Amino acid sequence: MPSILEFNYYVNNVVSISIQQTLGAIFVQKRSDYFLDLELIKQWVGILSQAGFFGIFAWLGKTGVSYMQNKHALEKEKLIAKDKERQQWLDNHDKNVEAMKQVDDNLKAGNVAVLHHMIYANCRTYLDNGYISTGELNDLEYLFRSYQKLGGNGTGKILYNKCQKLPIKGDEHIEED
């Protein structure tokens, strides 16, 4: 570490003197490698340190705020993209549900038509015969209950009611021995 004498001499004369002690001998070496005005450097260091101290905090603050804004913007973009995906999924889901409802309605209408046809054909046969067997009446009741639950009525109901009034004849295939 330089002595106080060396330091003052260095600052005032812009010349470095180093004193070394080697094997009991003292060497004085004058160095003038650096031609710098230390007073000017001290002034600049003072100015820059004052401005830099606050400047660094201002820069850090600005950088931090910018980072947080960018991070927030990226998160917001991700959320918006996710929201768009969800909305598309919901739109597709709603379309699929509507399509399934339409298919369900069509299948229901088709079942009602098939049940109506079966009731109509069977009832015509029973009415033409003038009687109905217990098995045929039981079968007709199953058909009519399903037909009615699906919303069928009209001529199917009229024919069913007429067949219920027919005389019942024993069914040799169902009756026990």
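Note that the structure is predicted; figures quoted are calculated from it, not measured. Residue numbering note: each chain is counted from 1, following its sequence as written. This being a predicted model, a pLDDT of at least 70 is required before a residue's local features are given, and a value of 80 or more before pairs of side-chain atoms are given or counted; all residues contribute to the totals for chains, interfaces and linings. For side-chain calculations, the full set of non-hydrogen atoms in the structure is used, while hydrogens and water are omitted.

### Topic: the overall build of the protein
Numbering of helices and strands starts at the N terminus; helices are DSSP runs of H or I of at least 4 residues and strands are runs of E of at least 2. When you go through the protein residue by residue, the secondary structure sums to 4 helices and 4 strands. From first element to last, N terminus to C terminus, the protein shows the α and β order α-β-β-α-β-α-α-β. Considering only contacts in the protein between residues 6 or more positions apart, those separated by 24 or more positions represent 55%. For the protein, the computed accessible surface area is about 14,600 Å², with 59% contributed by carbon and sulfur atoms. Note on definitions: a residue-residue contact is assigned when non-hydrogen atoms from the two residues lie within 4.5 Å. Surface accessibility in these figures is a Shrake-Rupley result with a 1.4 Å probe; residues are shielded only by whichever protein chains are displayed.

### Side note on the pattern of salt bridges
Think of a salt bridge as a Lys or Arg side-chain nitrogen and an Asp or Glu carboxyl oxygen that are within 4 Å of each other. For the coordinates displayed, the defined rule picks out 2 salt bridges. One salt bridge in this structure joins Glu 98 and Lys 101, with 4.0 Å as the shortest N-O distance. With Glu 98 and Lys 101 both in helix α2 (residues 38–129) and 3 residues apart, the pair spans about one turn of that helix. A relative accessible area of 48% places Lys 101 in the partly exposed class. Here Arg 145 ties to Glu 141 by a salt bridge, and the two come within 3.9 Å at their closest N and O atoms. A residue pair is termed a helical-turn pair when its members lie 3 or 4 positions apart in one helix, as Arg 145 and Glu 141 do in helix α3 (residues 134–149) at 4 residues. Using a 1.4 Å probe on the protein chains alone, a residue whose accessible area is under 20% of its type maximum counts as buried, one over 50% counts as exposed, and one in between counts as partly exposed.

### Examining the nonpolar core
What we call a nonpolar core is a set of buried Ala, Val, Leu, Ile, Met, Phe, Trp, Tyr and Cys residues that are connected through their side-chain atoms within 4.5 Å. Formed by 15 residues in total, the largest nonpolar core has its most connected members in Ile 119, Cys 123, Tyr 126, Ile 132, Leu 140, Tyr 147 and Cys 163. If you list the elements that add at least two residues to this core, you get α2, α3 and α4 (155–164). When residues no more than four places from it in sequence are discounted, the contact partners of Tyr 147 are Val 112, Leu 115, His 116, Ile 119, Gly 152, Asn 153, Gly 156 and Lys 157.

### A word on the state of the cysteines
Think of a disulfide as a covalent bridge from one cysteine sulfur atom to another cysteine sulfur atom. Sulfur atoms of two cysteines make up a disulfide when they are within 2.5 Å. The tally for this structure, following the rule as stated, stands at 0 disulfides. Of all cysteine sulfurs, the one in Cys 163 lies closest to Cys 123, which takes part in no disulfide; the gap is 3.3 Å. Look at Cys 123 and you get buried, because its relative accessible area is 0%. With relative accessibility at 0%, the residue Cys 163 sits in the buried group.

### Considering α3
The terminal C-alpha atoms of α3, which comprises 16 residues, lie 23 Å apart, in line with the 22 Å expected from a rise of 1.5 Å per residue. Those residues of α3 that fall on the buried side of the exposure criterion are Gly 135, Leu 137, Leu 140, Leu 143, Phe 144 and Tyr 147. Directly after α3, the chain includes Gly 151, whose backbone phi takes a positive value near 100°. Every helix has an expected span of 1.5 Å times one less than the residues it contains.

### Thoughts on the packing of α3 against α4
Angle between the axes and distance between the axes: these two values describe a pair of packed helices. The angle between two axes is taken between their N-to-C directions and runs from 0 to 180 degrees, where each axis is a line fitted to C-alpha atoms and a helix contributes only its stretch in contact. The N-to-C vectors of α3 and α4 enclose an angle of 155°; their axes lie 11 Å apart at closest approach. Taken as axis vectors, α3 and α4 run roughly antiparallel relative to one another. In the packing of α3 onto α4, the handedness of the crossing is left-handed. Touching Leu 137, Leu 140, Glu 141, Phe 144 and Tyr 147 of α3 are Gly 156, Lys 157, Tyr 160, Cys 163 and Gln 164, all from α4. Under the scheme applied, nonpolar residues are Ala, Val, Leu, Ile, Met, Phe, Trp, Tyr, Cys and Pro; charged residues are Asp, Glu, Lys and Arg; polar residues are all the others, including Gly. Within the contact of α3 with α4, the residues separate by chemical class into 6 nonpolar, 2 polar and 2 charged. Relative orientations are named as follows: roughly parallel for angles under 35 degrees, roughly antiparallel for angles over 145 degrees, roughly perpendicular for angles from 65 to 115 degrees, and oblique for any other angle. Left-handed describes a crossing in which the near helix is turned anticlockwise from the far one by less than a right angle; the clockwise case is right-handed.

### Here's the deal with the confidence of the model for the protein
When pLDDT is averaged along the protein, the result is 77, and 62% of the positions lie at 70 or above. Known as pLDDT, the predictor's confidence for each residue is given on a scale from 0 to 100. Within the protein, the element-level pLDDT minimum falls on helix α1 (residues 4–13), averaging 44, and the maximum on strand β3 (residues 132–133), averaging 93. Contacts from residues 1–21, a stretch scored under 50 in pLDDT, to residues over four places away or in other chains number 33 contacts.

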